[in-house]
Amino acid sequence: SCFAENAIIRDVCSINSSEREVNPNDLADRCMEFLQAHPDCMVAFHYGPKCSHDDNWVIAHWYETGHWSGDSRGIEATGNPMEVEGQTRFLVNDDLKISKFVVTRTFTEWEQTLQKNQN
């Protein structure tokens, strides 16, 4: 895994934007659920990833495109196009694992539906 055993995440755009500890396996599961919903997802970069000259932070400004063509987490696919973008900052520890990250992003229709169903 590219994540430290106990990574800290701050998703600035989520309902709860406070920092919280996350399990690397949960992050991998969430990524796989996203890819199941968007199997043709392509990631490209506006900028980055680039390392800071002062510390171990890495920053990337990215965007993803594809379609919501797969059923995931019990949510039926619509086939609608998907386009989201964001910026992620990673703090890399001495073992070259991500120990902390901050995400600012837009959400896919699938993520919005998932969040609505969880409320």
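Heads up: the structure comes first, above all this text.
Quantities reported herein were computed from a predicted structural model and do not represent experimental measurements.

**Q** What am I meant to see in the overall build of the protein here?
**A** Looking only at helices and strands, one finds 2 helices and 6 strands in the protein. Listed by position from the N terminus, the elements making up the protein come as β-β-α-β-β-β-β-α. Here the C-alpha radius of gyration of the protein, 15 Å, is about what a compact globule of 119 residues would show, namely 14 Å. Dimensions of the protein, computed from the C-alpha atoms along their principal axes, are close to 45 × 30 × 25 Å. Across the 119 residues that make up the protein, the buried fraction comes to 31%. When contacts within the protein are restricted to residue pairs at least 6 apart in sequence, long-range pairs at least 24 apart make up 53% of them. Side chains of the protein give 10 positive and 19 negative charges; the mean places of these two sets differ by 5 Å.

**Q** Got a minute to help me understand the state of the cysteines in this structure?
**A** By definition, a disulfide links the sulfur atoms of two cysteines through a covalent bond. Counting across every chain of the model gives 0 disulfides. Note on C41: no disulfide assigned, nearest cysteine sulfur contributed by C31 at a separation of 8.5 Å.

**Q** Whenever I open this one, the nonpolar core confuses me. Can you help?
**A** Note on soluble globular proteins: their nonpolar side chains tend to be buried together. Core analysis: the largest hydrophobic core is formed by 10 residues, namely F34, A37, C41, W62, W68, I75, M82, V84, W110 and L114. Secondary structure elements with two or more residues in this core: helix 1 (24–37), strand 5 (81–92) and helix 2 (109–118). Setting aside residues up to four positions removed in sequence, V84 forms contacts with W62, Y63, E64, T106, F107 and T108.

**Q** Got a minute to help me understand the sheet that holds strand 3 (residues 42–51) in this structure?
**A** By way of backbone hydrogen bonds, the strands of a sheet pair with one another, either parallel or antiparallel. Reading across from one edge, 2-1-6-5-4-3 is the order of the 6 strands in this open sheet, with mixed pairing throughout. Sheet topology places strand 2 (20–22) and strand 3 at the edges, where each strand pairs with a single neighbour. Here the strands of the sheet are splayed against their neighbours by 25 degrees on average, with no regard to which way each runs. In the sheet, strand 3 pairs with strand 4 (residues 57–67) via 7 bridges, with the strands oriented antiparallel. Within strand 4, the position partnered with M42 by the bridge is T65.

**Q** Help me out: how do you make sense of the side chain of R105 in this one?
**A** Its location among the elements puts R105 in strand 6 (residues 98–105). Within polar-contact distance, the side chain of R105 engages the side chain of D11 at 2.8 Å. A polar side-chain atom of R105 sits 2.9 Å from a polar atom in the side chain of E111. Setting aside its immediate chain neighbours within four residues, R105 contacts D11, C13, W62, E85, G86 and E111.

**Q** Which parts of the structure should I look at to understand the packing of helix 1 against helix 2?
**A** Packed helix pairs are characterised by how far apart their axes lie and by the angle those axes make with each other. For the pair helix 1 and helix 2, the least separation of the axes is 10 Å and the interaxial angle reads 120 degrees. Viewed along their axes, helix 1 and helix 2 adopt a mutual orientation that is oblique. Helix 1 and helix 2 meet at a crossing whose hand is right-handed. Along its contact with helix 1, which presents R30, E33, F34 and A37, the element helix 2 presents W110, E111 and L114. Residue composition of the contact of helix 1 with helix 2, by class: 4 nonpolar, no polar and 3 charged.

So, how was this worked out
Residues numbered from 1 in each chain as written. Predicted model: local features only at pLDDT ≥ 70, side-chain atom pairs only at ≥ 80, totals over all residues. Heavy atoms only, no water. Helix = DSSP H or I, 4+ residues; strand = E, 2+ residues; numbered from the N terminus. Rg over C-alpha atoms; globule rule 2.2 N^0.38 Å. Buried < 20%, exposed > 50% of the residue type's maximum accessible area, 1.4 Å probe, protein only. Contact = heavy atoms within 4.5 Å. Lys, Arg positive; Asp, Glu negative; His and termini not counted. Charge placed at Lys NZ, Arg CZ, Asp CG, Glu CD. Disulfide = S-S within 2.5 Å. Core = buried A, V, L, I, M, F, W, Y, C linked by side-chain atoms within 4.5 Å. Pairing = 2+ DSSP bridges. Axes fitted to C-alpha atoms, helices over the stretch in contact; angles between N-to-C directions. Polar contact = N/O pair within 3.5 Å; in protein donor to acceptor, adjacent residues only side chain to side chain. Parallel < 35°, antiparallel > 145°, perpendicular 65-115°, else oblique. Left-handed = near helix turned anticlockwise from the far one by under 90°. Nonpolar A, V, L, I, M, F, W, Y, C, P; charged D, E, K, R; others polar.

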